[in-house]
Amino acid sequence: MEGVTKTDIAALRQLCPGGVLTNVDLASISQWKIGGIADVVLRPSSTEQVADLRRWLHDRRKGHVVVGLTSNLLFADGGLRVPCLQIGPRMGAVAINGNDVRAQAGAWVPSFARKLMKAGLTGGEHICGIPGTLGGLVCMNGGSQRNGISTNVVAVESVNQVGECSSRSVIDCGFGYRQSVFQKNNEIITSISLRFSHADRALIRENMRGILANRRRKFPRRDPSCGSVFKSDPAMYEEVGPPGQVIERLGLKGMRIGDAEISPDHANFIVNRGKACARDVLQLVALISTEVMSATGHRLVAEAHHVDESGNIKPLNSVET
Ligand SMILES: Cc1cc2nc3c(=O)[nH]c(=O)nc-3n(C[C@H](O)[C@H](O)[C@H](O)COP(=O)(O)OP(=O)(O)OC[C@H]3O[C@@H](n4cnc5c(N)ncnc54)[C@H](O)[C@@H]3O)c2cc1C
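Computed from a predicted model, the values in this text were never measured in an experiment.

### Quick look at the overall build of the protein
Phase 1: If you tally the helices and strands in the protein, you get 9 helices and 17 strands.
Phase 2: Its C-alpha atoms put the protein at 55 × 50 × 30 Å along the principal axes.
Phase 3: With 321 residues in all, the protein has 49% of them scored as buried.
Phase 4: Summarising the internal contacts of the protein: among those between residues at least 6 apart in sequence, 62% fall at separations of at least 24.
Phase 5: Averaged over its 38 positive side-chain charges, the protein has a centre that lies 6 Å from the centre of its 30 negative ones.

Here it is, written out as structure tokens:
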């Protein structure tokens, strides 16, 4: 095993009891159902474990990659030769105290939104259909209905590369449209403090039902995908419309390379119709980018990211095909 030896695995099992998986088929755990074999997946259950693992990896100069539920990621066909640190349900606790909410980064977003609704808290309805972790959502500043989770964030706790924990207030998180400082600083988000307002629970539930029904109408549901592939750029939106509309107008809906297909339901989604590989998706992304550039003069930027074998994460449109 390149990079991680049997002795390493034994040490990692001590640091992360019950959370070390080897030879993991990424296609079986990734949302797009694409990817080769990952040598090691680490699933810590506490901030202390995250810090210990990071310190251990740093001291041995071992690279690694951090993921949540992979709902915004495309893994390389060659898989992963560095450990994959996955922050998921083992770190999914949520505590609500009046208007204040503290959640671990592995909390599943749809169930987090439901907890807010049950507590009569409004502001989180727009995230109720997003199939990722709260940590991933904060890293991407994801949201819907022209909203981002940053609106409700008060502070974010994270662990840096050498295993030190710190807390950042919202103004230091560098939030922008689908952007945050965590996309660049290589820190792992471990918990998030948020604030929401109180409102009538029935109204919140009604609003969430409407949002989910709208998503079911608009987005493909049957085949695996990564949600919207391209970001909506305000200048492009103003001139020619959102990426999905532009791609549709160019007649690209339904276009297929291998088993990767531009969804006939929504042109900004690429769906896996069976055995798509990462190369098929990347080639479709390149084709769409070229067509949109030559028709509109606008350069599309991908919201979904690629993870290469060494754990480097880049927007899909920056990857050589
Ligand atoms: C069907 C579908 C619909 C979607 N709809 C939407 C939508 O409406 N709006 C929207 O914004 N997104 C949407 N997405 C994309 C995706 O769900 C979000 O970006 C989500 O928040 C990513 O969370 P994740 O846990 O899956 O993160 P991942 O995809 O695993 O990771 C995304 C990025 O976050 C980083 N990351 C993950 N966890 C952490 C952590 N704890 N600390 C530091 N960095 C971390 C990763 O390194 C990576 O760079 C959709 C995806 C799908 C499949």
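### Examining the domain arrangement of the protein
Phase 1: By domain assignment, the protein separates into domain 1 (6-88), domain 2 (90-215) and domain 3 (222-318).
Phase 2: In this structure, domain 1 and domain 3 have C-alpha centres spaced 27 Å apart.
Phase 3: Taken together, the 19 residues of domain 1 in the interface contact 24 residues of domain 3.
Phase 4: Surface buried jointly by domain 1 and domain 3 totals about 1700 Å² across both partners, of which 62% is contributed by carbon and sulfur atoms.
Phase 5: On the domain 1 side of the interface with domain 3, the three residues burying the most area are Trp32, Asn72 and Leu74, jointly 41% of the side's total.
Phase 6: In this structure, the connection of domain 1 to domain 3 is made through 1 salt bridge.
Phase 7: Residue Arg81 is joined to Glu309 by a salt bridge in which the shortest nitrogen-to-oxygen separation is 3.7 Å.
Phase 8: Linking domain 1 with domain 3 are 11 residue pairs in polar contact (both at pLDDT 80 or more).
Phase 9: Among the elements that take part in the side of domain 1 that touches domain 3, strand β4 (residues 73-75) stands out by supplying 3 residues, more than any other.
Phase 10: Here the residues of the side of domain 1 that touches domain 3 are counted per class, giving 10 nonpolar, 6 polar and 3 charged.

### As for the sheet that holds strand β17 (residues 313-315)
Phase 1: The sheet built from 3 strands is open, its strands ordered β4-β16-β17 with mixed pairing. Here the strands that pair on one side only, and so sit at the sheet edges, are β4 and β17. Going from strand to strand, the sheet's axes swing by 30° on average, the running direction of each strand aside.

### Some remarks on the nonpolar core
Phase 1: Counting 46 residues, the largest nonpolar core has Phe112, Ile127, Leu134, Val156, Ile189, Ile192 and Leu194 as its most contacted members.
Phase 2: Structurally, this core is a two-domain feature, drawing no fewer than three residues from each of domain 1 (6-88) and domain 2 (90-215).
Phase 3: Listed in part, the 27 residues of the second largest apolar core include Val229, Met236, Ala260 and Leu282.

### Some points on the pattern of salt bridges
Where charged atoms from two side chains of opposite charge come close, those side chains can pair.
Phase 1: Counted according to the given criterion, the structure contains 14 salt bridges.
Phase 2: A salt bridge links Asp100 to Arg195; the shortest N-O distance between them is 2.7 Å. With a gap of 95 residues between them, Asp100 in strand β7 (residues 100-104) and Arg195 in strand β11 (residues 188-195) connect regions that are remote in the sequence.
Phase 3: Using a relative accessible area of 34% as the deciding quantity, one classes Asp100 as partly exposed.
Phase 4: Among the ionic pairs, Glu261 bridges to Arg256, the shortest N-O distance being 3.9 Å.
Phase 5: A relative accessible area of 7% places Glu261 in the buried class.
Phase 6: Bridged by salt links that share partners, the residues Arg222, Asp223, Arg256, Asp259, Glu261 and Arg273 form one connected network.

Scoring rules and cut-offs
Just so you know, the residues in each chain are numbered from 1, in the order the chain's sequence is written. Residue-level local features of this predicted model are given only where pLDDT is at least 70; pairs of side-chain atoms are given and counted only at 80 or more, and the full residue set underlies all totals for whole chains, interfaces and linings. Calculated side-chain values reflect all of the structure's heavy atoms, with hydrogen atoms and water omitted. Only DSSP runs of H or I with at least four residues qualify as helices, and only runs of E with at least two residues qualify as strands; both kinds are numbered from the N terminus onward. For every residue, the accessible area (1.4 Å probe, protein chains only) is compared with the maximum for its type, and the residue is labelled buried under 20%, exposed over 50%, or partly exposed between those bounds. Whether two residues touch is decided by their heavy atoms; if any such pair falls within 4.5 Å, the residues are in contact. Under the convention used here, Asp and Glu are negative, Lys and Arg are positive, and both His and the chain ends fall outside the count. Charged side chains are reduced to one point each, which is NZ for Lys, CZ for Arg, CG for Asp and CD for Glu. Domain delimitation in this document rests on an assignment produced automatically or drawn from a domain database. Values labelled buried area give the accessible surface lost by two parts on being combined, using a 1.4 Å probe and summing over both. Salt bridges are counted wherever a side-chain nitrogen of Lys or Arg sits within 4 Å of a carboxyl oxygen of Asp or Glu. Any pair of nitrogen or oxygen atoms within 3.5 Å is treated as a polar contact; in protein, a donor-acceptor pairing is required on top of that, and neighbouring residues in sequence qualify only through side-chain atoms on both sides. Charged residues are taken to be Asp, Glu, Lys and Arg, nonpolar residues to be Ala, Val, Leu, Ile, Met, Phe, Trp, Tyr, Cys and Pro, and polar residues to be all remaining types, Gly included. Should DSSP find at least two bridges between two strands, the strands are regarded as paired. A fitted line through C-alpha atoms represents every axis, and for helices the fit uses only the stretch in contact; the resulting angles, taken between N-to-C directions, go from 0 to 180 degrees. Note on terminology: a nonpolar core comprises buried Ala, Val, Leu, Ile, Met, Phe, Trp, Tyr and Cys residues joined through side-chain atoms within 4.5 Å.

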